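Summary of the model geometry
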Amino acid sequence: MPQYDFLQTYTLKNGATLKNRVAMAPMTTKSSYYNGALTNDEIRYYSMRSGGVGMLITGAFSVHPLGKGFEGGPAVWNDAYLCQLQRLANVIKINDTKAIIQLFHAGRKSTTAILRGEQPVSASAVAAEWPPNSEEPRALSENEIDEIIQDFAKATRRAIQAGFDGVEIHGANTYLIQQFFSPHSNRRTDSWGGRRRERMRFAKEILKAVKTVISEYAKTDFILGYRLSPEELETPGIRLEDSLDFVEEIQNDIDYLHLSIGSYNRTSLNNKNDTVPLVSHFKKVLNPSVPLITVGTIKSPADAQAAMALGADFIALGRSLINEPKWVQKVETNSEKSIRYQLNPVDMDDLAIPAGMQDYLLTTYKDAIDFTTNTVKQEFGQQMAPMEGYKKQ
Ligand SMILES: Cc1cc2nc3c(=O)[nH]c(=O)nc-3n(C[C@H](O)[C@H](O)[C@H](O)COP(=O)(O)O)c2cc1C
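Conventions used here
- Residues numbered from 1 in each chain as written.
- Predicted model: local features only at pLDDT ≥ 70, side-chain atom pairs only at ≥ 80, totals over all residues.
- Heavy atoms only, no water.
- Helix = DSSP H or I, 4+ residues; strand = E, 2+ residues; numbered from the N terminus.
- Buried < 20%, exposed > 50% of the residue type's maximum accessible area, 1.4 Å probe, protein only.
- Pairing = 2+ DSSP bridges.
- Right-handed = clockwise from strand over helix to strand, strands pointing away.
- Contact = heavy atoms within 4.5 Å.
- Near = heavy atom within 4 Å.
- Polar contact = N/O pair within 3.5 Å; in protein donor to acceptor, adjacent residues only side chain to side chain.
- Areas by Shrake-Rupley, 256 points an atom, 1.4 Å probe, with all protein chains shown as cover.
- Nonpolar A, V, L, I, M, F, W, Y, C, P; charged D, E, K, R; others polar.
- Phe/Tyr/Trp six-rings, centres within 6.5 Å; stacked < 30°, edge-to-face > 60°.
- Lys NZ or Arg CZ within 6 Å of the ring centre and 35° of its normal.

Trans is the prevailing form of peptide bonds, just as negative phi is the prevailing case for residues other than glycine. In this model, tryptophan 130 is joined to proline 131 through a cis peptide bond whose omega is -5°. Among the structural elements, proline 131 can be located in the loop between β6 (121–122) and β7 (138–139). Backbone geometry places lysine 30, a non-glycine residue, at a positive phi of 50°. Take lysine 30: it is sitting in the loop between β3 (22–24) and α1 (40–49). Positive phi values are uncommon outside glycine, yet arginine 116 reaches one of about 50°. Relative accessible area serves as the criterion here: at 53%, arginine 116 is assigned to the exposed category.

Turning our attention to the pairing of strand β4 (residues 55–62). The buried fraction of β4 is high, at eight of eight residues. Inspection of the sheet shows β3 paired to β4 by two bridges, in the parallel sense. Considered in β4, the bridge of methionine 24 is made with leucine 56. The pairing of β4 with strand β5 (residues 98–104) spans six bridges and is parallel. Bridging from a neighbouring strand, isoleucine 57 pairs with isoleucine 100 of β5. Regarding the hand of the β-α-β motif, the stretch spanning β4, helix α2 (residues 82–92) and β5 is right-handed.

Take the environment of lysine 330 next. Among the structural elements, lysine 330 can be located in helix α11 (residues 327–332). The class of lysine 330 is buried, set by a relative accessible area of 18%. Distance from lysine 330 to glycine 52, taken between C-alpha atoms, is 9.1 Å for residues 278 residues apart in sequence. Discounting chain neighbours no more than four positions away, the residues touching lysine 330 are Glu324, Ser335, Glu336, Ser338 and Ile339.

For serine 289, the position within the fold is in the loop between α8 (278–285) and β11 (292–294). Linking serine 289 and aspartate 255, residues 34 residues apart in sequence, is a C-alpha distance of 8.2 Å.

The next thing to look at is the site of the ligand. Around the ligand, a shell composed of 21 residues is seen, among which Pro26, Thr28, Arg227, Thr297 and Arg319 lie nearest. Contacts to the ligand include arginine 227, whose side-chain N or O atom sits 2.7 Å from an oxygen atom. One nitrogen or oxygen atom from the main chain of threonine 297 is found 2.6 Å from an oxygen atom belonging to the ligand. Compared with its free state, where it exposes 600 Å², the ligand has 97% of that area covered by protein. Looking at the shell around the ligand, the elements that each hand over two or more residues are β4 and α12 (355–362). Tallied by class, the residues present in the shell around the ligand amount to 11 nonpolar, eight polar and two charged.

All right, on to the packing of aromatic side chains then. For the structure shown, the criterion picks out 12 aromatic pairs. Both rings, one in phenylalanine 6 and one in tryptophan 327, keep their centres 5.7 Å apart while their planes meet at 50°; by these two values the pair is tilted. With phenylalanine 6 in the segment before β1 (10–11) and tryptophan 327 in helix α11, the pair connects residues that are 321 residues apart, well separated along the chain. Residues phenylalanine 6 and tryptophan 327 agree in their burial class; the two are buried. Through pairs of rings, three or more aromatic residues link up here, namely Tyr4, Phe6 and Trp327. For lysine 30, the ring lying beneath its charged end belongs to tyrosine 360, and the centroid distance is 4.6 Å. The aromatic ring of tryptophan 192 is capped on one face by arginine 201, whose charged end is 3.7 Å from the ring centroid.

Read these as geometric descriptors, not functional statements.
Below you can see the structure in the form of structure tokens.
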């Protein structure tokens, strides 16, 4: 086997051993049924991409019906979903891949149409700046906030019962948890808003509730990860120093930290004088016992090595695993030359990409996917990628 750093094993502080340092990045397939139930197509898609990576993080599952952010999103909001969650965990856990389910609530990044007539909710009644003409959400009551925290805890209990190896709390990509931390979307004057400390409270209470469930129901090596977006472009908005401070606050509660960035070597979007890569900033504040997962346009093994050299302990592959489900296995067997770096639309069925996802890739993400048929190639470089929640730059 080649001697790449990302092929080495890693043991988390809770005792769980990952067979390598490659994660599949969470990617929504938009292919669940109208009620959030998983389809066989999705299960096949994940199954084809498991077995090589050390951990596979699923696309975002909604913890509550009002947390649905898009059509075709999967649900984990009641026990009726346990059987299918178990099926999903089982197909992922082959050949020692750890199955991690991502849990989220979309908050204001939804619409009345997606919520079947219900108004989207958020920390405050402030519409998102992106996409244009986003609906104004209604502010959650304190009781509702407590309920959502419990929804994350209940979803974690279901994940444990279904046999997942861990959960990732989705605090990134401008969804509800980020909305509470952001001074743009959180204008509350009660104990859930105000200064940075108060705006952190929602995320911290979710981690506390989730940890309680884990200690009650799971084995000690159950994994609790957290994903965040380092910066926002809106004013007011989250700045890098806010996120670094936030990480110092939560790091004792998590087993790994996962950044959401479109390019692994990106530097600050707000402070152009800062030439230190974001990943290096996070590595510096993190306790060495909490590994850092980085992501963003990692295509080749050389990219993966370069991302690790900036300070990451793990790399996550998103689009590269859409194109090439056997990326890790090909690297391990010295077959790098046969890695598929582009996606030919006619291969999408063979690659088990569900029909709902094919449509999504060919439309919303057309410029983000390296299709063989693309005439313009989009690299995000030092810009925010559409997958991060997106604000036009
Ligand atoms: C089709 C698609 C769906 C995505 N869905 C999610 C998601 O459900 N949760 C999440 O945290 N990130 C999501 N992302 C972002 C990816 O996890 C990843 O951060 C991003 O694609 C950059 O990595 P890459 O360059 O390796 O693709 C999605 C990205 C794509 C392309």
